[in-house]
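What follows is the residue order along each chain.
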Amino acid sequence: VGYCRDLSGTGMLIEVDEEIVTGDTCQTSLPSAGDSFSSLDATLKVLRCIQVSDNKYQLGTEIVEIETASKYYKNIKRPALAGLFSITTKKHYP
């Protein structure tokens, strides 16, 4: 489980409880705050991982692929979505 601190059109800043290796990919599911939008299910690439306190890390990520997104996301650079979501890491193999 992670916490989305910032969401932009190209990436996310995520706070997690464990270190994740730069270059790894993550599967995320960010639920919508309401019924008007679907959840954001995406594949992210970890660009950086910075320890901010004991057992707290911030991940700078790039959105590699969006699996599910509402048509309304297309023209919104920074949708008002933030909160708890799931994050699953997969090793990045070149």
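An account of the confidence of the model for the protein chain is requested, with residue identities and associated values reported.
The predicted model of the protein chain has a mean per-residue pLDDT of 77, with 71% of residues at 70 or higher. Per-element confidence in the protein chain ranges from a low mean pLDDT of 52 for strand E6 (residues 84-90) to a high of 93 for strand E4 (residues 40-53). Counting interchain partners and residues more than four positions distant, the pLDDT-below-50 stretch residues 69-84 has 33 contacts.

Outline the pairing of strand E2 (residues 11-16), listing residues and values.
A large share of E2 lies buried, amounting to five of its six residues. For strand E1 (residues 2-7) and E2, the ladder comprises four bridges, and the chain directions are antiparallel. Bridging across to E2, tyrosine 3 finds its partner in glutamate 15. Hairpin connection, E1 to E2: the antiparallel pair is bridged by three residues.

Give me the lowdown on unusual backbone geometry, citing residues and values where you can.
A positive phi is found at asparagine 55, a non-glycine position, where the angle reads about 60 degrees. Within the fold, asparagine 55 resides in the loop between E4 and strand E5 (56-68). Using a relative accessible area of 53% as the deciding quantity, one classes asparagine 55 as exposed.

Analysis parameters
- Residues numbered from 1 in each chain as written.
- Predicted model: local features only at pLDDT ≥ 70, side-chain atom pairs only at ≥ 80, totals over all residues.
- Heavy atoms only, no water.
- pLDDT = per-residue confidence, 0-100.
- Helix = DSSP H or I, 4+ residues; strand = E, 2+ residues; numbered from the N terminus.
- Contact = heavy atoms within 4.5 Å.
- Buried < 20%, exposed > 50% of the residue type's maximum accessible area, 1.4 Å probe, protein only.
- Pairing = 2+ DSSP bridges.

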